[in-house]
Amino acid sequence: MTSEDRQETADFSVVIPAAGSGSRIGGTRKQFRKLGRYNPLLHCVRAFAVHPRIADIIVVGPEKDLSEIEFFLSDIANYIRVVAGGSSRQESVFNGLSAEGLLDYVLIHDAVRPFVDDALLGRVMAATVEHGAAAPAIPVYDSVRRGDDDTFGRPIPREGLFRVQTPQGFHKEVIVSAHKKAREDGWEGTDDVSLVSRFGRPVYKVDGSGWNLKITAPDDWEMAEALWSYWEQR
Ligand code: C5P
């Protein structure tokens with residue numbers, strides 16, 4: 001399928017926030033650190049770029065790195081744009097959503113989740129088209145408690161608790177209006193489901209993937225390296 005054919009049939013844009021400072025992991029920003037052959041951002045972009053319903057990928061990067069990002073993404077596809085991020089994830093996603101000409105549906109995916117595969121994408125995309133808002137999640141299996149640095153506080157029943165992952169999918173109007181409203185109200189959420197469900201708009205839950213690690217803490221990087229050697233050979 002050529003880029004031109006794809007641009008006629010595709011109906012999904014993707015926004016990839018990649019402008020974080022990586023302060024919790026330290027050192028080089030994890031989205032640009034080599035994991036196997038490529039960095040996590042590049043792994044993500046490659047996973048989305050091969051999907052026939054996707055013909056618009058907006059990477060949101062740190063202002064000072066934009067030309068470097070453009071350079072390392074340049075031979076993947078001609079429908080990748082790179083825009084500058086903001087001081088929070090939400091602001092970075094807002095900047096991505098402000099790009100001209102979004103397609104009907106938008107997937108939003110953290111650049112620090114490189115283990116995204118076709119099956120997960122398929123589940124999120126199907127539910128997004130059917131319901132206008134969808135996200136993958138996995139149940140919480142650990143015991144959950146509040147706590148401070150040293151001791152535990154009260155327990156939180158884990159029944160009905162889920163860890164919400166990305167990619168999160170929305171009809172374009174649903175997500176753009178939720179972001180505009182949150183901005184007007186000065187409201188900050190940690191993901192896009194929280195912005196959309198803020199006023200009771202249901203977001204459909206699909207099965208997430210245990211592989212879909214969010215590389216956040218130093219341990220996660222070691223885990224990602226170990227997982228990657230299996231992932232590449234599947
Ligand atoms: O900070 P958090 O773990 O929520 O980051 C999730 C994703 O959002 C990462 O891919 C990170 O690069 C991105 N982010 C961003 N702009 C920020 C902060 C985080 O694009 N200001």
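Check the entry above for the structure.
Asks: Help me out: how do you make sense of the overall build of the protein chain in this one?
Replies: Looking only at helices and strands, the protein chain has 8 helices and 10 strands in total. Over its C-alpha atoms the protein chain spans a radius of gyration of 18 Å, differing by no more than 12% from the 17 Å that the globule rule assigns to 234 residues. Long-range contacts, defined as pairs at least 24 residues apart, comprise 71% of the intrachain contacts of the protein chain with a sequence gap of at least 6. Working note: accessible area of the protein chain is about 12,300 Å², and carbon and sulfur atoms make up 49% of it.

Asks: Sorry if this is basic, but what is going on with helix 8 (residues 218–232) here?
Replies: Each full turn of the α-helix corresponds to 3.6 residues, which orients residues three or four apart in the same direction. For helix 8, built from 15 residues, the straight-helix expectation of 21 Å at 1.5 Å per residue is met to within 8% by its first-to-last C-alpha distance of 22 Å. Of the positions making up helix 8, those classed as buried are D220, W221, A224, W228 and W231. Tucked into the core, helix 8 has its buried residues touching helix 2 (40–49).

Asks: Would you mind showing me how to read the pattern of salt bridges here?
Replies: For side chains of opposite charge, pairing can occur when their charged atoms come near one another. Across all of its chains, the model carries 8 salt bridges by this definition. Two residues, D192 and R89, come together in a salt bridge whose shortest N-O distance is 2.9 Å. Remark: R89 occurs in helix 4 (residues 89–97) and D192 occurs in helix 7 (residues 192–196); sequence separation between them is 103 residues. Exposure remark for D192: the relative accessible area of 1% places this residue in the buried category. For R89, a relative accessible area of 22% gives the class partly exposed.

Asks: Mind showing me how you'd approach the packing of helix 2 against helix 3 (residues 66–73) here?
Replies: Between two packed helices, what matters for the description is the angle formed by their axes and the separation of those axes. Orientation of helix 2 relative to helix 3, taken along the N-to-C sense of each, is 50 degrees, at an axis distance of 11 Å. Viewed along their axes, helix 2 and helix 3 adopt a mutual orientation that is oblique. Crossing geometry of helix 2 relative to helix 3 is assigned as right-handed. Counting all contacts with helix 2, which are made through L41, L42 and V45, the residues of helix 3 involved are I69, F72 and L73.

Asks: For this particular structure, what's the right way to read the packing of aromatic side chains?
Replies: The description of two aromatic rings rests on the distance between their centres and on the angle between their planes. Enumeration over the complete set of coordinates arrives at 6 aromatic pairs. Each ring, one from F115 and one from W231, has its centre 5.4 Å from the other, and the planes form 90 degrees; the classification is edge-to-face. You can see F115 sitting in the loop between strand 4 (105–108) and helix 5 (118–131) and its partner W231 sitting in helix 8, a full 116 residues away along the chain. Judged by its relative accessible area of 1%, F115 falls in the buried class. By the ring-pair criterion, three or more aromatic residues cluster together here, those being F115, W211, W228 and W231. The residue whose ring lies beneath R33 is W221, and the NZ or CZ to ring-centre distance is 4.9 Å.

Asks: In this structure, what is going on with the layout of surface pockets? I would like to understand it.
Replies: Where empty space is left can be seen by rolling a probe of water-molecule size over the atoms. Put simply, the second largest pocket is a space of about 350 Å³. If you list the elements that add at least two residues to the lining of the second largest pocket, you get helix 2 and helix 8. In terms of residue class, the lining of the second largest pocket is built from 7 nonpolar, 1 polar and 6 charged.

Cut-off values and rules
All residue numbers refer to position in the chain's written sequence, counted from 1. Per-residue local features of the predicted model are confined to residues with pLDDT of at least 70, and side-chain atom pairs are confined, for both listing and counting, to 80 or more; whole-chain, interface and lining totals are unaffected and use all residues. Only hydrogens and water are set aside when side-chain values are computed; all heavy atoms of the structure are taken into account. Secondary structure elements follow DSSP: runs of H or I of four or more residues count as helices, runs of E of two or more count as strands, with numbering from the N terminus. We compute the radius of gyration from the C-alpha atoms alone; for a globule the expected value is 2.2 Å times N to the 0.38, where N is the number of residues. Residue contacts follow a heavy-atom distance rule, with two residues in contact if any of their heavy atoms lie within 4.5 Å. Each accessible area is a Shrake-Rupley result for a 1.4 Å probe, and residues are judged covered by the shown protein chains and nothing else. Here the expected length of a helix is defined as 1.5 Å per residue gap, with one fewer gap than residues. Only protein chains enter the area calculation, which uses a 1.4 Å probe; residues under 20% of their type maximum are buried, those over 50% are exposed, and those in between are partly exposed. Whenever Lys or Arg places a side-chain nitrogen within 4 Å of a carboxyl oxygen from Asp or Glu, that contact is recorded as a salt bridge. Structural elements are reduced to axes, namely lines fitted to C-alpha atoms, with helices fitted over the stretch in contact, and the angle between N-to-C directions of any two is expressed from 0 to 180 degrees. Should an angle fall under 35 degrees it is taken as roughly parallel, and over 145 as roughly antiparallel, whereas 65 to 115 is taken as roughly perpendicular and any remaining angle as oblique. What makes a crossing left-handed is the near helix being turned counterclockwise from the far one by less than a right angle; a clockwise turn instead makes it right-handed. The pairing test for Phe, Tyr and Trp rings, Trp by its six-membered ring, is centres within 6.5 Å, and the orientation test on the planes gives stacked under 30 degrees, edge-to-face over 60, and tilted for anything in between. Should the NZ of a Lys or the CZ of an Arg lie within 6 Å of a ring centre and within 35 degrees of the ring normal, that charge is described as sitting over the ring. Think of a 1 Å grid over the protein atoms and nothing else: a 1.4 Å probe that fits but is trapped marks a cavity, an open set flanked by protein within 12 Å on at least five of seven lines marks a pocket, and residues with an atom within 4 Å of a point count as lining. Grid points are joined across faces, edges and corners, and a volume is the space filled by probe spheres set on the points. For this scheme, ten residues count as nonpolar: Ala, Val, Leu, Ile, Met, Phe, Trp, Tyr, Cys and Pro. Four count as charged, namely Asp, Glu, Lys and Arg, and the remainder, Gly too, count as polar.

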